[in-house]
Amino acid sequence: MKFHVITLFPEVIDSYVTASILGRAQKDKLLAVKIYQLRDFVSNKWGKADERPYGGGPGMVLQAEPVIKAVEKIRKGKKMKVLITSPNGKPLTNAYAKKLAKEKDVIIICGRYEGIDARAKKILKAEEVSIGPYILTGGEVPALAIIDATARQIKGVLGKFESLEESRVVSHEVYTRPEVLKHKGKSYKVPKILLSGHRAKIDQWKLRKGHKSRG
Ligand code: SAH
């Protein structure tokens, strides 16, 4: 599966997708993340991609033309799903990520400032996606959240000893060494049940502590 990310801040995307599990998935050719600098698609020589909003108001708006040019260059006439990060978009859930993981190519456009000229969405028939009910300064963190949640749904991305939360008993409360943690004169022990080796009882305990929502 290939993600194409259009952004004004390529280095932000690059450092995350080359680390840890996503980095390994790319090396293993299970995932590819290609990053495009939006400024490379503007027609003025200063690389300026934003302008003041019509109708007034604070902040700047990303122009539609460079965004459309970038998408067309990536698509080369092929059909590809196009996402725009937006606080007003469809909520990102595991169910959404699972569906997205079935696509071969997905283009993600990262907004900045006051957002992207609304005509880009219309012309590109793009879908807006939100990662939650709060406003961030840009679409890079949302793009990474979409990529990360989706990549986990691709077979082989999570290693042998890991597996999807949806397919196993999982607890959000986890423990590792040491068995007894000493802090400011107090001892904090690992729950006994986890040391018992009793698989069924451990699973019961995990279920009690389990995630409330796996979407
Ligand atoms: N004033 C705009 C917000 C702009 S935030 C509005 O009310 O819609 C700047 C950019 O950050 C947005 O264009 C979007 O791409 C991204 N962004 C901010 N919060 C987001 C969220 N919760 N989910 C997805 N994208 C978000």
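Residues numbered from 1 in each chain as written. Predicted model: local features only at pLDDT ≥ 70, side-chain atom pairs only at ≥ 80, totals over all residues. Heavy atoms only, no water.

### So, the overall build of the chain
Formally: We count a stretch as a helix when DSSP gives it H or I for four or more residues in a row; a strand needs E for two or more, and each element gets its number in order from the N terminus. Radius of gyration: over C-alpha atoms. The globule rule applied is 2.2 Å multiplied by the number of residues raised to the 0.38 power. Each residue gets one of three labels from its accessible area relative to the maximum for its type: buried under 20%, exposed over 50%, partly exposed in between, using a 1.4 Å probe on protein chains only. Whether two residues touch is decided by their heavy atoms; if any such pair falls within 4.5 Å, the residues are in contact. Here the accessible surface of atoms and residues is derived via Shrake-Rupley with a 1.4 Å probe, and residues count as covered only by protein chains that are part of the display. Only four residue types enter the charge count, namely Lys and Arg as positive and Asp and Glu as negative; His and the chain termini do not. Here the site of a charge means NZ on Lys, CZ on Arg, CG on Asp, or CD on Glu.
Looking only at helices and strands, the chain has 7 helices and 9 strands in total. Scaling as 2.2 N^0.38, a compact globule of 215 residues should have a C-alpha radius of gyration of about 17 Å, whereas the chain reaches 22 Å, well beyond that. With respect to the principal axes defined by its C-alpha atoms, the chain has extents near 65 × 40 × 25 Å. The buried share of the chain, taken over its 215 residues, is 40%. Here the analysis covers contacts within the chain between residues at least 6 apart in sequence; of these, 74% occur between residues at least 24 apart. A total of about 14,000 Å² of accessible surface is found on the chain, and carbon and sulfur atoms cover 54% of it. When the 43 basic and 22 acidic side-chain charges of the chain are each reduced to a single mean position, those positions are 7 Å apart.

### Regarding the nonpolar core
Cut-off, in case you're wondering: The nonpolar core is taken to be a set of buried Ala, Val, Leu, Ile, Met, Phe, Trp, Tyr and Cys residues, with the residues joined through side-chain atoms within 4.5 Å.
The biggest cluster of nonpolar side chains holds 24 residues, and the ones touching the most others in it are Phe3, Leu31, Val33, Leu83, Ile108 and Ile147. For this core, the secondary-structure elements that each account for two or more residues are strand 1 (2–7), helix 1 (10–17), helix 2 (20–27), helix 4 (94–100), strand 6 (105–109) and helix 6 (140–151). Sorting elements by how many residues they give to this core places helix 6 first, with 5 residues. Not counting chain neighbours up to four residues away, the residues in contact with Ile147 comprise Phe3, Val5, Val17, Leu22, Val33 and Ile108. Core analysis: the next-biggest nonpolar cluster, separate from the first, contains 23 residues, Phe41, Ala70, Val82 and Ile107 among them.

### Re the site of the ligand
Selection rule: Whether a residue is near a molecule or strand is decided by its heavy atoms; if any one of them lies within 4 Å of it, the residue is near. In the analysis that follows, any N or O atom pair within 3.5 Å is treated as a polar contact, provided that within protein one partner can donate a hydrogen and the other can accept it, and provided that, for residues neighboring in sequence, both atoms belong to side chains.
Taken together, 20 residues form the shell around the ligand, and within it Thr85, Ile131, Gly132, Tyr134 and Leu136 come nearest. For the ligand, an oxygen atom lies 2.7 Å from a polar atom in the backbone of Thr85. Leu136 is positioned with one of its backbone polar atoms (N or O) 3.0 Å from a nitrogen atom of the ligand. Contact with the protein chains hides 85% of the accessible area of the ligand, taken as 560 Å² for the molecule alone.

### Things to note about a positive patch on the surface
Under the convention used in this document: What makes a patch is a set of residues exposed beyond 30% relative accessible area and free of salt bridges, joined within 9 Å when like-charged and within 5 Å when nonpolar (Val, Leu, Ile, Met, Phe, Trp, Tyr). Think of a salt bridge as a Lys or Arg side-chain nitrogen and an Asp or Glu carboxyl oxygen that are within 4 Å of each other.
Where like charges cluster on the molecular surface, the positive patch consists of Lys2, Lys34, Lys73, Lys76 and Lys78. Tracing the backbone shows Lys2 in strand 1.

### Thoughts on the sheet that holds strand 5 (residues 81–91)
As a reminder of what qualifies: We treat two strands as partners when DSSP finds at least two bridges between them. Fitted lines through C-alpha atoms serve as axes, helices being fitted only where they are in contact, and the angles separating the N-to-C directions of these axes extend from 0 to 180 degrees.
Across the sheet, which stays open at both edges, the 5 strands sit in the order 2-1-6-5-7 with parallel pairing between neighbours. At either end of the open sheet lies a strand with only one pairing partner, and these are strand 2 (32–37) and strand 7 (127–130). Neighbour to neighbour, the strand axes of the sheet diverge by 35 degrees on average, direction disregarded. Note: strand 5 against strand 6, 4 bridges, orientation parallel. Paired with Val82 across the strands is Ile107, a residue of strand 6.

### As for the side chain of Thr150
With respect to the helices and strands, Thr150 occurs in helix 6. A polar contact of 2.6 Å, which involves the side chain of Thr150, links it to the backbone oxygen of Ile146. In this view, Thr150 contacts Met1, Phe3, Ala97, Leu100 and Ala101; residues no more than four positions away in its chain are not counted.

### Some points on a nonpolar patch on the surface
Side chains of Tyr134, Leu136 and Val141 sit close together on the surface and give an oily, nonpolar patch of about 270 Å² of accessible area. Inspection of the secondary structure assignment puts Val141 in helix 6.

### Remarks on the domain arrangement of the chain
This is how it is decided: As annotated, the domain borders come from an automatic or database domain assignment.
Under the domain assignment, the chain is made up of domain 1 (2–161) and domain 2 (169–209). A straight line from the C-alpha centre of domain 1 to that of domain 2 covers 39 Å.

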